[in-house]
Amino acid sequence: MSEIREIHVPDIGDFKDLPVIEVLVKPGDKVAFDDPLLTLESDKASMDVPSPGAGTVVSVIIKEGDRVSKGSSILTLQMAADEAPAIQSAVAVSEVSIKDSPASAPVVAKPVAPVAPAVNASGVKPHASPSVRSYARKLGVDVSKVAATGKGGRMLREDVERFVKDALVRLDSPAPRGDQSAGLNLLPWPDVDFAKFGTVEKFALSRIKKISGANLSRNWVMIPHVTNNEEADITELEAFRVQLNKEGGKDAIKYTMLAFLIKAAVASLKAFPQFNSSLGSEDGEPILILKQYYHIGFAADTPNGLVVPVIRDADQKGIGQIATECGELARKARDGKLGPADMTGGTFTVSSLGGIGGTGFTPIINAPEVAILGVTRAQIRPVWDGNGFAPRLILPLALSWDHRVVDGAASARFLQHLAALLADFRRITL
Ligand code: CAO
């Protein structure tokens, strides 16, 4: 025996006429008790309305953009007869909780962008549709541990799949790269209602920011980073670059400092091959994989976030070709047109903030690479030449390196070598 029941918005405290920002179910979906049916947004937080019972959605009455208050019709649900009492108890629960705290469960509030683990650590339910929850249940995945990357922090089927894949990779990864979960046992992320302290605006993170953020966090936490600093006198090199650009005709190449840096980085990697490597493992033993190719990534700032396109076989290319390819890849990056092939296989990265400014920074290693060169703005400085001070153009360099693979002495030598090449580019031919 089953019966069809109309489900209504429960008591949502003092809130009235709240906009529906997302409907999470469609006719035919099976929902369990407490699965979220729709998301409402108040001026303080967004909140999920949970299902008061288990059943199959027959029809959805509400749509995105509608405004609702207590008692508004949401949908009709076909329920087993013995589910009917659950409806009453669920509404009763929501009334109590809402009165206690208008921004908490069971109408689940999300005052901050809900990247799932951080939010869940603070006790807020993950934001996933019934079908995603049921998929996760089928795979034995605890949704509270899955990082959500969908619109508005919603959990996608792909998030569950990524979680499973990562878990399998962790199982397969033996000791050298350590405990992949890092076992940090950290405090939960502070769950602050910022709107309590002043006006705020909320924005979803771009796809690039979500992906690069997750990668940067892992790299920062798992790699023992050290950064060495050095200065290169690029007075002559800059004069040469300016001269080359002056000589060029209408369709001439624009020689950039970045292209010279990539070429000099390749020569330094050849002299110090451990900087062009990755950690790996074979038969359960840690190994170092030295690469005999030189694919150099460069950080490119785009309106949607940071990306790292890769110049392939930079050792086999002239500075003009490198400059041209960097220009093309940077344009593609800004237009959001980089494909996976443009961004994979890098062996070392150059991150140049020289065109923007700064005197130094600590770049984060782009794993599985083991080092990254950070460059900031060159400035004219008085440099003692033995007789007096001469104005010289000095370029600050920062090299972050993985202390599991290289050490401070090697890094200081690498930077000295690089600085010497930049100071006198003829050395690159030696
Ligand atoms: N010192 C002084 N001036 C510099 C310089 C330096 N180190 N590097 C570049 N400049 C100058 C250039 O000469 C250029 O001037 P001209 O047009 O007169 O020649 C001007 O700054 C602009 O350069 P640019 O930054 O547009 O070009 P680029 O080739 O140096 O850099 C790119 C290209 C893609 C690296 C850059 O656009 C970019 O995205 N940089 C940001 C990278 C980043 O975000 N890194 C941080 C990662 S960690 O979050």
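Residues numbered from 1 in each chain as written. Predicted model: local features only at pLDDT ≥ 70, side-chain atom pairs only at ≥ 80, totals over all residues. Heavy atoms only, no water.

**What to know about the confidence of the model for the protein chain**
We apply this condition: A residue's pLDDT is the predictor's confidence in that residue, given on a scale from 0 to 100. Residue contacts are counted whenever heavy atoms from the two residues lie within 4.5 Å of one another.
When the pLDDT values of the protein chain are averaged, the result is 85; 85% of them are 70 or greater. Every residue in residues 85–124 is under pLDDT 50, and counting partners more than four places away or in other chains gives 83 contacts. Within the model, pLDDT remains below 50 along residues 174–180, and this stretch shows 15 contacts once partners closer than five positions in the same chain are excluded.

**Section: the side chain of Asp-342**
The following threshold applies: Labels follow the DSSP assignment, with helices taken as runs of H or I lasting at least four residues and strands as runs of E lasting at least two, numbered in each case from the N terminus.
The topology assignment puts Asp-342 in helix 9 (residues 340–343). Beyond its immediate chain neighbours, meaning those up to four positions away, Asp-342 contacts Val-308, Pro-309, Val-310, Leu-329, Lys-332 and Lys-337.

**A look at the site of the ligand**
Spelled out, the test is: A molecule or strand has a residue near it when one of that residue's heavy atoms lies within 4 Å. A 3.5 Å cut-off defines polar contacts: any pair of N or O atoms within that distance qualifies, except that in protein one atom must be a possible hydrogen donor and the other a possible acceptor, and neighbouring residues in sequence count only when both atoms are side-chain atoms. Accessible areas in this description were obtained via Shrake-Rupley with a 1.4 Å probe; residue shielding takes into account the shown protein chains only.
Taken together, 18 residues sit near the ligand, with Arg-241, Lys-254, Asp-301, Ser-351 and Ala-378 positioned nearest. Within the side chain of Arg-241, a nitrogen or oxygen atom sits 3.0 Å from an oxygen atom of the ligand. Take Ala-378: an N or O atom from its main chain is 2.8 Å from a nitrogen atom of the ligand. Protein chains shield 66% of the accessible area of the ligand, which is 960 Å² for the free molecule. Breaking the shell around the ligand down by element, the ones donating at least two residues are strand 14 (300–302) and strand 17 (348–352).

**A closer look at the pattern of salt bridges**
Worth spelling out the cut-off: Whenever a carboxyl oxygen of Asp or Glu lies within 4 Å of a side-chain nitrogen of Lys or Arg, that contact is scored as a salt bridge. Here the term buried applies to any residue with accessible area under 20% of the maximum for its type, exposed to any over 50%, and partly exposed to those in between, with areas from a 1.4 Å probe on protein chains only.
One pass over the structure, following the stated rule, counts 14 salt bridges. Of the charged contacts in the structure, one is a salt bridge between Asp-35 and Arg-133, with a shortest N-O distance of 4.0 Å. Highlighted residues: Asp-35 in the loop between strand 3 (30–31) and strand 4 (36–41) and Arg-133 in helix 3 (residues 130–139), separated in sequence by 98 residues. A relative accessible area of 10% places Arg-133 in the buried class. Close ionic contact of Arg-162 with Asp-159 constitutes a salt bridge, the shortest N to O distance being 3.1 Å. One end of the pair, Arg-162, and the other, Asp-159, are both in helix 4 (residues 157–172), three residues apart, so they sit about a helical turn from each other. In this structure Asp-159 comes out as buried when scored by relative accessible area, which is 1%. Where salt bridges share partners, they join Asp-233, Glu-236 and Arg-392 into one cluster.

**Concerning a nonpolar patch on the surface**
What counts here: Think of a patch as exposed residues, more than 30% relative accessible area, with no salt bridge, where like charges cluster within 9 Å and nonpolar side chains (Val, Leu, Ile, Met, Phe, Trp, Tyr) cluster within 5 Å.
Judged by side-chain polarity, Leu-184, Leu-186, Trp-220 and Val-221 come together as a nonpolar surface patch covering roughly 430 Å² of accessible area. Looking at the secondary structure, you find Leu-184 in the loop between helix 4 and helix 5 (207–222). Of the residues examined, Leu-184 reaches a relative accessible area of 43% and is grouped as partly exposed.

**So, the sheet that holds strand 6 (residues 55–60)**
Threshold: Should DSSP find at least two bridges between two strands, the strands are taken to pair.
Strand order in the open sheet formed by four strands is 1-8-6-3, and the pairing between neighbours is antiparallel. Looking at the sheet topology across the chains shown, the edges are occupied by strand 1 (2–8) and strand 3. Sheet analysis places strand 3 next to strand 6, joined by two bridges and oriented antiparallel. By the bridge assignment, Val-31 is partnered in strand 6 with Gly-55.

**Overview of the environment of His-295**
Tracing the chain through its elements places His-295 in the loop between strand 12 (285–290) and strand 13 (296–298). Considering only alpha carbons, one finds His-295 and Gly-346, 51 residues apart in sequence, at a separation of 4.8 Å. Residues in contact with His-295, not counting those within four places in the same chain, are Val-310, Ile-311, Arg-312, Asp-313, Gly-345, Gly-346, Thr-347 and Phe-348. At 2.9 Å, the side chain of His-295 forms a polar contact with the backbone nitrogen of Asp-313.

**Remarks on helix 8 (residues 319–334)**
Condition: Working rule for helices: expected span equals 1.5 Å times residues minus one.
With 16 residues, helix 8 should cover 22 Å at 1.5 Å per step; its first-to-last C-alpha distance of 22 Å lies within 8% of that length. Those residues of helix 8 that sit buried are Ile-319, Gly-320, Ile-322, Ala-323, Glu-325, Cys-326, Leu-329, Ala-330 and Ala-333. One or two residues past the end of helix 8 sits Gly-336, with phi positive at roughly 70°.

**Notes on the environment of Val-370**
Secondary-structure assignment places Val-370 in the loop between strand 17 and strand 18 (371–375). Sequence spacing of Val-370 and Ser-277 is 93 residues, and the spatial spacing of their C-alpha atoms is 6.4 Å. If we skip the residues at most four places from it in the chain, Val-370 touches Gln-274, Phe-275, Ser-277, Ser-278, Ile-365, Ser-400, Trp-401, Asp-402 and Val-405.

**So, the pairing of strand 18**
Among the five residues of strand 18, five are classified as buried, and the element is accordingly described as predominantly covered. Here strand 18 shows a buried face lined by Ala-371, Leu-373 and Val-375 and a second buried face lined by Ile-372 and Gly-374. In this structure, strand 17 lies alongside strand 18, joined through four bridges in parallel fashion. In the strand pairing of strand 18, Thr-349 is matched with Ile-372.

**Details of unusual backbone geometry**
A negative phi angle characterises most non-glycine residues, just as the trans form characterises most peptide bonds. Residue Pro-368 is reached from Ala-367 by a cis peptide bond, and omega for that bond is 10°. Counting through the fold element by element, Pro-368 comes out in the loop between strand 17 and strand 18. Positioned with a positive phi, Asp-283 is a non-glycine residue whose angle comes to about 50°. For Asp-283, the position within the fold is in the loop between strand 11 (277–282) and strand 12.

**With respect to the packing of helix 7 (residues 257–271) against helix 10 (residues 408–423)**
Heads up, the rule is: Only the stretch in contact is used when fitting a helix axis, every axis being a line fitted to C-alpha atoms; angles between N-to-C directions are given from 0 to 180 degrees. Under this scheme an angle from 65 to 115 degrees is roughly perpendicular, one under 35 degrees roughly parallel, and one over 145 degrees roughly antiparallel; angles in between are oblique. By definition, turning the near helix anticlockwise from the far helix through less than a right angle yields a left-handed crossing, and turning it clockwise yields a right-handed one. Put simply, Ala, Val, Leu, Ile, Met, Phe, Trp, Tyr, Cys and Pro go in the nonpolar bin, Asp, Glu, Lys and Arg in the charged bin, and everything else, Gly too, in the polar bin.
Following both chains from N to C, one finds helix 7 and helix 10 inclined at 135°, their axes separated by 9 Å at the closest point. Accordingly, the angle class assigned to the pair helix 7 and helix 10 is oblique. Relative to helix 10, the crossing made by helix 7 is right-handed. For the pair helix 7 and helix 10, contact is made by Phe-260, Leu-261, Ala-264, Ala-265, Ala-267, Ser-268, Leu-269 and Ala-271 and by Phe-414, His-417, Leu-418, Leu-421 and Leu-422, respectively. Of the residues assigned to the contact of helix 7 with helix 10, the class counts are eleven nonpolar, two polar and no charged.

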